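Chain by chain, the residues run as shown.
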Protein chains: 2
Amino acid sequence: MYPPPLSEEQGLWLASSVQDWQINHGFLLKRVRSQSAHSVLCCPIGVTLFPTPFPRAQFDEALNLQSIYNELYCAMTEDEHWEIHQDVKRVGGHTQNISCGIFRLDYMLQGDGTSKLAIDPADGSISIPQLKQVEFNTFSCAGASHAQKTVDMHRHFTRTGAYNSLTNGNSPVGLAALPENNNIQSLAACLAEAHALYGQAKSKVAAETAVLLLVQPQNFNIADERPVEYALWNQASPVLAYRVEWDDDLLETTSLSKTKELLFHPSWLQSQVPIEISVVYLRAGYEADEYDHVGKRARVRLETSRAIKCPSLLAQILTFRKVQKALTEPGSVERFLSPNKAAKIRKTFVPMYPLDESQAGLRARNWATDSDVAGNYVLKPSHEGGGHNVYGADIPDFLASVARSAWCAYILMERIHSPAVYNVLMSPQGIGSGPVVSELGVIGTCIWKKTTEGSEILSNTVAGWSYITKHTDVDEMSVLKGYGCFDTPLLY
Amino acid sequence: MYPPPLSEEQGLWLASSVQDWQINHGFLLKRVRSQSAHSVLCCPIGVTLFPTPFPRAQFDEALNLQSIYNELYCAMTEDEHWEIHQDVKRVGGHTQNISCGIFRLDYMLQGDGTSKLAIDPADGSISIPQLKQVEFNTFSCAGASHAQKTVDMHRHFTRTGAYNSLTNGNSPVGLAALPENNNIQSLAACLAEAHALYGQAKSKVAAETAVLLLVQPQNFNIADERPVEYALWNQASPVLAYRVEWDDDLLETTSLSKTKELLFHPSWLQSQVPIEISVVYLRAGYEADEYDHVGKRARVRLETSRAIKCPSLLAQILTFRKVQKALTEPGSVERFLSPNKAAKIRKTFVPMYPLDESQAGLRARNWATDSDVAGNYVLKPSHEGGGHNVYGADIPDFLASVARSAWCAYILMERIHSPAVYNVLMSPQGIGSGPVVSELGVIGTCIWKKTTEGSEILSNTVAGWSYITKHTDVDEMSVLKGYGCFDTPLLY
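About the cut-offs
In this numbering scheme, every chain counts its residues from 1 along its sequence in written order. Chains and ligands are labelled by the order in which they are written, letters from A for the one and numbers from 1 for the other. Predicted model: local features are reported for residues with pLDDT of at least 70 only, side-chain atom pairs are reported and counted for 80 or more only, and whole-chain, interface and lining totals are derived from all residues. Only hydrogens and water are set aside; all other atoms, that is, all heavy atoms of the structure, feed into the side-chain values. Per the convention used, a helix needs a DSSP run of H or I reaching at least four residues, while a strand needs a run of E reaching at least two, with both numbered from the N terminus. The globule rule used here is 2.2 Å times the number of residues to the 0.38 power, and the radius of gyration it is set against is calculated over C-alpha atoms. Here's how the labels work: a residue is buried when its accessible area is under 20% of the maximum for its type, exposed when over 50%, partly exposed in between, all with a 1.4 Å probe on protein chains only. Throughout, a contact is declared for two residues whenever any of their heavy atoms are within 4.5 Å. Computed with a 1.4 Å probe, the accessible areas rest on the Shrake-Rupley method; for each residue, only the protein chains presented here act as cover. To form a nonpolar core, buried Ala, Val, Leu, Ile, Met, Phe, Trp, Tyr and Cys residues must be joined to one another through side-chain atoms within 4.5 Å. When a carboxyl oxygen of Asp or Glu lies within 4 Å of a side-chain nitrogen of Lys or Arg, that pair is called a salt bridge. Being paired, for any two strands, means DSSP has found at least two bridges between them. The convention used is that axes are lines fitted to C-alpha atoms, helices contributing only their stretch in contact, and that angles between N-to-C directions extend from 0 to 180 degrees. Here the quantity called buried area is the accessible surface, traced with a 1.4 Å probe, that two parts lose on coming together, added over both. In the analysis that follows, any N or O atom pair within 3.5 Å is treated as a polar contact, provided that within protein one partner can donate a hydrogen and the other can accept it, and provided that, for residues neighboring in sequence, both atoms belong to side chains. A residue counts as positive if it is Lys or Arg and as negative if it is Asp or Glu; His and the chain ends are not included. Residues enter patches when they are more than 30% accessible in relative terms and free of salt bridges; like-charged ones are connected within 9 Å and nonpolar ones (Val, Leu, Ile, Met, Phe, Trp, Tyr) within 5 Å. Lys charges are placed at NZ, Arg charges at CZ, Asp charges at CG and Glu charges at CD. Here, the arc refers to the directions that run from the helix axis to the C-beta atoms. Any Phe, Tyr or Trp ring, taking Trp's six-membered ring, that has another such ring centre within 6.5 Å forms a pair; planes under 30 degrees apart are called stacked, those over 60 apart edge-to-face, and the others tilted. For a lysine, the NZ atom is tested; for an arginine, the CZ atom; a charge sits over a ring if that atom is within 6 Å of the ring centre and within 35 degrees of the ring normal.

**Student:** Is there a simple way to explain the overall build of chain A in this structure?
**Tutor:** Scanning chain A from terminus to terminus reveals 14 helices and 21 strands. Here the C-alpha atoms of chain A give a radius of gyration of 23 Å, agreeing with the 23 Å that 2.2 N^0.38 yields for 492 residues. Across its three principal axes, chain A shows a C-alpha extent of roughly 70 × 60 × 45 Å. Taken over 492 residues, chain A has a buried fraction of 59%. For chain A, long-range pairs separated by at least 24 residues make up 73% of all intrachain contacts whose partners lie at least 6 apart in sequence. By element, 51% of the accessible surface of chain A is carried by carbon and sulfur atoms, the whole surface being about 19,400 Å².

**Student:** Before we go on, may I ask you to explain the nonpolar core in this structure?
**Tutor:** The nonpolar side chains of a soluble globular protein tend to be buried, and buried together. Counting residues in hydrophobic clusters, the biggest one holds 227 residues, and the most contacted among them are Tyr69 and Tyr242 of chain A together with Tyr69 and Tyr242 of chain B. Setting aside residues up to four positions removed in sequence, tyrosine 69 of chain A forms contacts with Leu105, Tyr107, Gln133, Phe136, Ile345, Thr348 and Phe349 of chain A.

**Student:** When you look at unusual backbone geometry in this model, what are you seeing that I'm missing?
**Tutor:** Apart from glycine, the bulk of residues carry a negative phi angle, and the bulk of peptide bonds sit in the trans form. Residues and elements named next belong to chain A. In this model, cysteine 310 is joined to proline 311 through a cis peptide bond whose omega is 0 degrees. Residue position: proline 311 is located in the loop between β12 (308-310) and α10 (313-317). Even without a glycine there, the phi angle at serine 140 is positive, about 50 degrees. Here serine 140 lies in the loop between β6 (130-137) and α4 (144-159).

**Student:** Teacher, can you tell me more about the environment of glycine 46 of chain A here?
**Tutor:** Residues and elements named next belong to chain A. Counting through the fold element by element, glycine 46 comes out in the loop between β2 (41-44) and β3 (47-48). Classification of glycine 46 as buried rests on a relative accessible area of 3%. With 439 residues separating them in the primary sequence, glycine 46 and cysteine 485 have C-alpha atoms 4.5 Å apart. If we ignore the near neighbours within four places in the chain, the residues touching glycine 46 are Met426, Ser427, Pro428, Val479, Cys485 and Phe486.

**Student:** How should I be thinking about the pattern of salt bridges in this particular structure?
**Tutor:** Any two side chains of opposite charge can pair if their charged atoms end up close together. All names here are of chain A. One pass over the structure, following the stated rule, counts 38 salt bridges over all chains. One salt bridge in this structure joins aspartate 475 and arginine 415, with 2.8 Å as the shortest N-O distance. You can see aspartate 475 sitting in the loop between β19 (455-471) and β20 (485-486) and its partner arginine 415 sitting in the loop between β16 (410-414) and β17 (421-427), a full 60 residues away along the chain. Relative accessible area serves as the criterion here: at 31%, aspartate 475 is assigned to the partly exposed category. In this structure arginine 415 comes out as partly exposed when scored by relative accessible area, which is 23%.

**Student:** How do you make sense of the sheet that holds strand β13 (residues 352-354) of chain A when you look at a structure like this?
**Tutor:** In a beta sheet, neighbouring strands pair by backbone hydrogen bonds and run either parallel or antiparallel. All names here are of chain A. Ordered in space as β13-β16-β14-β15, the four strands form an open sheet in which the pairing is antiparallel. In the strand order of this sheet, the two ends are held by β13 and β15 (390-391), each with one partner. Bridge count between strand β14 (residues 377-381) and β15: two bridges; the pairing is antiparallel. Following the sheet pairing, valine 378 is matched in β15 by tyrosine 391. Against the sheet, helix α11 (residues 321-328) makes contact with β13, β14 and β16, and its axis sits at roughly 110 degrees relative to β13, the strand it touches most. Contacting β13, β14 and β16, helix α13 (residues 359-369) crosses the sheet at an angle of about 105 degrees to β13.

**Student:** Teacher, can you tell me more about the interface of chain B and chain A here?
**Tutor:** Each partner contributes residues to the interface: chain B has 53 residues there, and chain A has 53 residues. On the chain B side of the interface with chain A, the three residues burying the most area are His38, Trp268 and Gln270 of chain B, jointly 15% of the side's total. Here chain B and chain A share four salt bridges between them. In this structure, arginine 226 of chain A and aspartate 20 of chain B form a salt bridge, with 2.9 Å as the shortest nitrogen-oxygen distance. On inspection of chain B and its partner chain A, the count reaches 22 residue pairs in polar contact (both at pLDDT 80 or more).

**Student:** Which parts of the structure should I look at to understand the side chain of aspartate 487 of chain A?
**Tutor:** Residues and elements named next belong to chain A. Inspection of the secondary structure puts aspartate 487 in the loop between β20 and β21 (489-491). At 12 Å, lysine 470 is the nearest oppositely charged side chain to aspartate 487, a buried residue that forms no salt bridge. Here threonine 48 takes part through its side chain, which lies 2.8 Å from a polar atom of the side chain of aspartate 487. Setting aside chain neighbours within four positions, we find aspartate 487 in contact with Thr48, Phe50, Pro51, Thr52, Thr150, His154, Asn423, Ser438, Trp465, Tyr467 and Thr469.

**Student:** Can you help me understand a negative patch on the surface in this one?
**Tutor:** There is a patch of like negative charges on the surface, built from Glu8 and Glu9 of chain A together with Asp248, Glu252, Glu287, Asp289 and Asp292 of chain B. Put simply, the parts of the chain that give the negative patch at least two residues each are α1 (8-24) of chain A together with α8 (248-253) of chain B. Within the secondary structure layout, glutamate 252 of chain B lies in helix α8.

**Student:** How do you make sense of the environment of serine 203 of chain A when you look at a structure like this?
**Tutor:** Residue and element names in this part refer to chain A. Within the element layout of this structure, serine 203 appears in the loop between α6 (183-198) and β7 (209-215). For the pair serine 203 and leucine 263, spaced 60 residues apart in the sequence, the C-alpha separation amounts to 8.5 Å. Sequence-distant contacts of serine 203, that is, excluding residues within four places in its chain, are made with Ser257, Glu261, Leu263 and Glu276.

**Student:** Quick question: what am I supposed to make of α13 of chain A here?
**Tutor:** An α-helix turns once per 3.6 residues; consequently, residues spaced three or four apart project the same way. Residue and element names in this part refer to chain A. Of the positions making up α13, those classed as buried are Gly361, Ala364, Arg365 and Ala368. On an axial view of α13, the arc spanned by its buried residues comes to 110 degrees, and they lie on one face. In α13, those exposed residues whose orientation departs by more than 90 degrees from the buried face are Gln359 and Asn366. Elements in contact with the buried residues of α13: β13, α14 (395-400) and β16.

**Student:** What should I look at first to understand the sheet that holds strand β16 (residues 410-414) of chain B in this one?
**Tutor:** All names here are of chain B. Spatial ordering of the open sheet is given by β13-β16-β14-β15, a layout of four strands whose pairing is antiparallel. The open sheet has two free edges, formed respectively by β13 (352-354) and β15 (390-391), since each of these has just one partner strand. Strand direction decides the pairing type here: strand β14 (residues 377-381) and β16, joined by five bridges, are antiparallel. Each bridged residue has a counterpart across the sheet, and for proline 381 the counterpart in β16 is tyrosine 410. The strands touched by helix α11 (residues 321-328) are β13, β14 and β16; relative to β13, the strand with the most contacts, the crossing angle is about 110 degrees. Seen against the sheet, helix α13 (residues 359-368) touches β13, β14 and β16 and runs at an angle of roughly 105 degrees to β13.

**Student:** Would you mind showing me how to read the environment of arginine 299 of chain B here?
**Tutor:** Residues and elements named next belong to chain B. Within the secondary structure, arginine 299 sits in helix α9 (residues 293-304). C-alpha of arginine 299 to C-alpha of leucine 251: the two residues are 48 residues apart in sequence and 9.8 Å apart in space. What arginine 299 contacts, discounting residues up to four positions off in sequence, is Phe139, Trp246, Leu282, Gly285, Tyr291, Pro311, Ser312, Leu313 and Gln316.

**Student:** Help me understand the packing of aromatic side chains in this model?
**Tutor:** In this description, a pair of aromatic rings is defined by centroid distance and the angle of the planes. Taken as a whole, this structure holds 44 aromatic pairs over all chains when the rule is applied. A ring pair is formed by tyrosine 353 of chain A and tyrosine 377 of chain A, whose centres lie 6.5 Å apart and whose planes are at 75 degrees; its orientation type is edge-to-face. Note that tyrosine 353 of chain A is positioned in strand β13 and tyrosine 377 of chain A in strand β14, a separation of 24 residues in sequence. Judged by its relative accessible area of 14%, tyrosine 353 of chain A is buried. Summarising the aromatic geometry, the rings of phenylalanine 50 of chain B and tyrosine 163 of chain B are spaced 5.1 Å apart at their centres and angled 35 degrees between planes, so their arrangement reads as tilted. Residue phenylalanine 50 of chain B is located in the loop between β3 (47-48) and β4 (52-54), and its partner tyrosine 163 of chain B is located in helix α5 (residues 162-166); the two are separated by 113 residues in the primary sequence. For phenylalanine 50 of chain B, a relative accessible area of 1% translates into the label buried. With relative accessibility at 2%, the residue tyrosine 163 of chain B sits in the buried group. Following the ring pairs from residue to residue traces out a cluster consisting of Trp13 of chain A together with Trp233, Tyr242, Phe264 and Trp268 of chain B. Taking NZ or CZ as reference, lysine 202 of chain A lies 4.6 Å from the ring centre of tyrosine 198 of chain A, over its face.

All quantities given are derived from atomic positions and should not be read as evidence of function.
The following block contains the structure:
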């Protein structure tokens, strides 16, 4: 049986050993409300006590699909049909035609819903699960650093015999079943490559170039963001990297040169000359309320500067559900990819419907407002990248609370039903075992250049992966919100 | 001026950047009262914001002295004059004649008291400081892992230009001025070497051997202890390492075989056969209240077993102040070391006096009870390794509160007056700048064998160092108690 049932003593031992490993390896969340000038509290981030089974074939398939998805999104970003490209052309063109993207494509397994996922393939009740896309994140993707720490942790407990001993030698957890993960270096390498492509400082005033990481104020996910910053300094050829907050901090510490270079000159980096920013890595600016007066000024400064954005405004727009839905329409993917590649991508789509007054929209409205069938769907705002979904049985009431004229701002997506497996989840919210489902995130990094024909891909890499697991009776997957837990796929 | 005065903004930036580095690198204390089954809080341990100047000549001298001190203590441990050796002989002899030690010798600089320690040697007011021994710790020495993280941290802020920028390019902090530190690997290597010397399992029931780390229950210093445990697993030739608490945990998870091997069989390590313990690394059992009924049984089991103890009971006794005082007497060091080596050692002693009714004791009593001169001394319990000292002006009142007949249980030691330097100290207790003094700890590891002639040293290594700094108006140096902060010597 997997995972093995634990006696109370065993459970306490494993839980506290895991917490100690997390503390020792910076696998933590900062408790920002506790922050004072001289101290701050932190606690272990949510993790699974055991790795969760996932079929190796689908894991490999997901990794193999990523370069195709990268290609698709690079091409879409620079597609001339976007109005914003016309607008920019009218005002003189882009200052920087190179862009950088760190994407994460999330998948869940679609089973046939009838059976648990058992490890023994000889069991005739096993269904062959299908990889289905939950969403494609193009902006401020989190979790990469934590994902790497997770697999290091599960490897440690595998290697020290903890899992084996708890199963009396019958554990299926072996090192060969836990995939490698080098996310932190992959992300740093992508930013370093973009930094190198930017080249020497171009402004007359700066001597050095650096990567700028933009983060939210009062940020608690520093243990996911900072490792990339430290890794940049630790590259064989060190890349300078600095961090500022998406608020007055950014406006006060940067300025544009006459020739549009983004100059950086914080008071705590008292040098004679400013530093020129080669790459801006955005880990902020993804929520509507960040675009107050200060936020808008900040974004305009960045977008009009010569710095390479990771990602640009256009790549951010591509994370909207509306785009995800548009891609499900016949012919849309095929505009950008060969038929063969397009077919592989389409296989991972689940049906998505508008909620406007088109024929498809009206039909979808029937489903969404019908308590008997609403459970098969997820409602997602069209013009967002995630975080405000409404699930299943909650949809009818939610739509009843929203003006009908506003329904067209939403998309209805078929829910993905994953076969349940079992695990023990531990987080600041509590610890408990039971049926769980997981989301596999594949991380892709790419750098591309806008050309007269569209786009030229300069770098297209499958950077790594993340794996998040939640109890089946919880709708949301977010670890930072306290629902999901970081996990490692136990490949079989 | 060093360190540079910081504006409020600069101070906040540096403090929070340091805290983030600490969180990311497990440079933390666990807040044990917050521990639940599913979560726990932790916070950054006390550190200095800048490295503190220390003369390179004295740093090198301290490191060079360590192998001599190691030799002295190995020889003293097995000296036949100890009654306990006679006792053990009477009951059949030692089960294990190999012992292991992880020692830490703490020094402070003795200045002439007139001037601050300035970095520019051209300044004629600089006194030549002398290395003076505060104490020699032979048991459960803490801080090694944290010390290594401290220098990594200060190196990071040096490398990223933080210190340089804050001094407008005039910082004396360069990487070459910050010494290397590999404490964690050094400690693991020592235990791994002892483990290898132990050899194959000797009991008929065990198949594997492992190192056992003994820790206090409700332990909050896991970020100093666990790195050594993880490092053992990470050796090129992995060494199994397990952790148990010094309480019923130890008694229930271990037993002695018929031939005195120490067998380990916790419920969370369900193997068919027990594991045989090669080396016991004690990070507990150093306080009197740990020797209740359970504690005594625990210690007897360990000492009578075939496992190599790090350290043995005898080595623990050598940490007592009484021993430190005895070594100051003429001829004592010379019993164990060549005249040349003995002279180097003696140079680092400060005068120590008994408080018994001998002539020297009565004279010392006069000083200790005289408010005018008591400030020049520290009162230390003879039969302890530290932590219950009474300082300077507090001594007369303390002695007045203790029965005169009990005064002979104390030692009076001349206080070491270090030249003050300046730094900013940040800990859970607060943040503040001002005059500070530091303690340099040199870590030595050794393995020795008891022979008919005395002892044979099998391994004698200078493993590394630690550096703790406190405000001058504070008496105690302990970081765990919230007084001192981890630091890096800025060598000049």
